[in-house]
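Residue strings, one per chain:
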Amino acid sequence: MKIDGQTRIYGIFGYPVKHSKSPTFQTAAFQHLGINAVYVPFEVNPEDLQKAVESLKILKISGVNITIPHKENVIQYVNEISEEVKIVKAANTIKNIDGYLVAYNTDWYGFIEGLKEINPDLENKKVLVIGAGGSSRAVVYGLLKENVDKIYIANRTVEKAIKLLNDYLEHFKIVDKIIKPIHLSEIPDIINDVDIIVNTTSIGLNDEDFPLFDYNLINPKHTVVDIIYKETKLLKVAKEKGCKYQNGYPMLIYQGAKSFEIWTNQKAPIEIMKKSIGLHF
Ligand code: ATR
């Protein structure tokens, strides 16, 4: 890698950020296309987020990804937010256009592109989305854009799923016919009605975590996605049952690929990015 006075700087703001794989696959993409740029991790304390965002202008950093826990808070510090950020209310990408910061959300796109690798046709599908936090909002936004037929949003706190529905009613017509908020305990009642099951909660990150529902209810016709970056208990059962299944890495790669394209206006070299972090899907 050659670094000189013209090398552009990209990076990621997170807390923590040490385990992020984005620096590896974004750098691989820049190198593959011969783009004179680097991508580095920045560990930004939550109380320093505003200053860190302002520093993008001062240091002329060309763009950053934004990850946990900053995705929602960052919105107030940029000059402009794109349409999808207005709806999802979270941003994971900033582009610095000569000192004017624009925030985007590419998580929803990453989720949909990843899912399409195992389930290409999403139109008219019925989906169970578990969780109603920031990740769920991006996943649901993507599913609505794909014209799915039904989205059950199952959450421990049903009020949060109802709030998600009400927020989206302002932006999508007939969403009250598509989204149905339910409690986790109601999953057994609807599971046979769905084609796709998506976990957006952090349950499963630790092997000792209790199951979100009785995983024995999963059947081979289900496609199962867990956005956690490992083979969770949920995915192990899906595998045993012979389901199509996927962990969080495809979503990670595709959200990063979209960020790369927003920054560079060049097509992201997906295969190179996947290979750089040892993925084959
Ligand atoms: P993210 O941005 O990753 O989506 P978040 O906005 O904090 O994170 O949302 C976390 C989600 O995981 C929520 O749906 C949360 O449920 P509540 O709304 O009821 O809090 C869910 N979650 C977290 N811990 C959980 C637990 N122990 N049991 C069930 N759901 C849990």
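In the block above lies the structure referred to throughout.
Bear in mind that the values here come from a model prediction, so they are computed numbers and not experimental data.

Concerning the sheet that holds strand β4 (residues 80–81)
Read across the open sheet, the six strands follow the order β2-β1-β3-β5-β6-β4; overall the sheet is mixed. The strands lining the two open edges of the sheet, one partner per strand, are β2 (37–43) and β4. Against the sheet, helix α1 (residues 22–32) contacts β1 (8–14), β2 and β3 (63–66), and its axis sits at roughly 170 degrees relative to β2. Of the strands in this sheet, β1, β3, β5 (93–97) and β6 (100–104) are in contact with helix α2 (residues 49–58), which crosses β1 at around 170 degrees.

As for unusual backbone geometry
Note: most peptide bonds trans; most residues except glycine with negative phi. Across the junction of Tyr-15 and Pro-16, the peptide omega takes the value 10 degrees, indicating a cis bond. Checked against the element boundaries, Pro-16 lands in the loop between β1 and α1. The linkage connecting Ile-68 with the following residue, Pro-69, adopts the cis geometry, with an omega of 10 degrees. Phi at Lys-89 is positive, roughly 65 degrees, even though this residue is not glycine. Take Lys-89: it is sitting in the loop between α3 (83–88) and β5.

Focus on the site of the ligand
The environment of the ligand is formed by Gly-131, Ala-132, Gly-133, Gly-134, Ser-135, Asn-155, Arg-156, Thr-157, Lys-160, Thr-201, Ile-203 and Phe-210. Gly-134 places a main-chain nitrogen or oxygen 3.0 Å from an oxygen atom of the ligand. Ser-135 places a polar main-chain atom, nitrogen or oxygen, 2.9 Å from an oxygen atom of the ligand. When isolated, the ligand has an accessible area of 640 Å², and the protein chains bury 71% of it. A class-by-class count of the residues in the shell around the ligand yields three nonpolar, seven polar and two charged.

Observations regarding the sheet that holds strand β7 (residues 126–130)
With parallel pairing, the six strands of this open sheet are ordered in space as β9-β8-β7-β10-β11-β12. Each edge of the sheet is formed by a strand with only one pairing partner; in this case those strands are β9 (179–183) and β12 (244–246). Pairwise comparison of adjacent strand axes, ignoring direction, gives a mean angle of 15 degrees for this sheet. Bridge count between strand β10 (residues 196–199) and strand β11 (residues 223–226): four bridges; the pairing is parallel. The partner of Val-198 across the bridge, within β11, is Val-225. Packed onto the sheet, helix α4 (residues 107–118) meets β10, β11 and β12 and runs at close to 150 degrees relative to β12. Here helix α6 (residues 158–169) sits on the sheet in contact with β8 (150–155) and β9, set at roughly 170 degrees to β9.

Description of the pairing of β7
The buried fraction of β7 amounts to four of the five residues, a majority that puts the element mostly inside the structure. Pairing of β7 with β8, which is carried by five bridges, proceeds in the parallel orientation. Looking across to β8, one finds that Val-127 is bridged to Ile-151. As judged from the four bridges shared by β7 and β10, these two strands associate in the parallel manner.

What counts, and where the lines are drawn
Residues numbered from 1 in each chain as written. Predicted model: local features only at pLDDT ≥ 70, side-chain atom pairs only at ≥ 80, totals over all residues. Heavy atoms only, no water. Pairing = 2+ DSSP bridges. Helix = DSSP H or I, 4+ residues; strand = E, 2+ residues; numbered from the N terminus. Contact = heavy atoms within 4.5 Å. Axes fitted to C-alpha atoms, helices over the stretch in contact; angles between N-to-C directions. Near = heavy atom within 4 Å. Polar contact = N/O pair within 3.5 Å; in protein donor to acceptor, adjacent residues only side chain to side chain. Areas by Shrake-Rupley, 256 points an atom, 1.4 Å probe, with all protein chains shown as cover. Nonpolar A, V, L, I, M, F, W, Y, C, P; charged D, E, K, R; others polar. Buried < 20%, exposed > 50% of the residue type's maximum accessible area, 1.4 Å probe, protein only.

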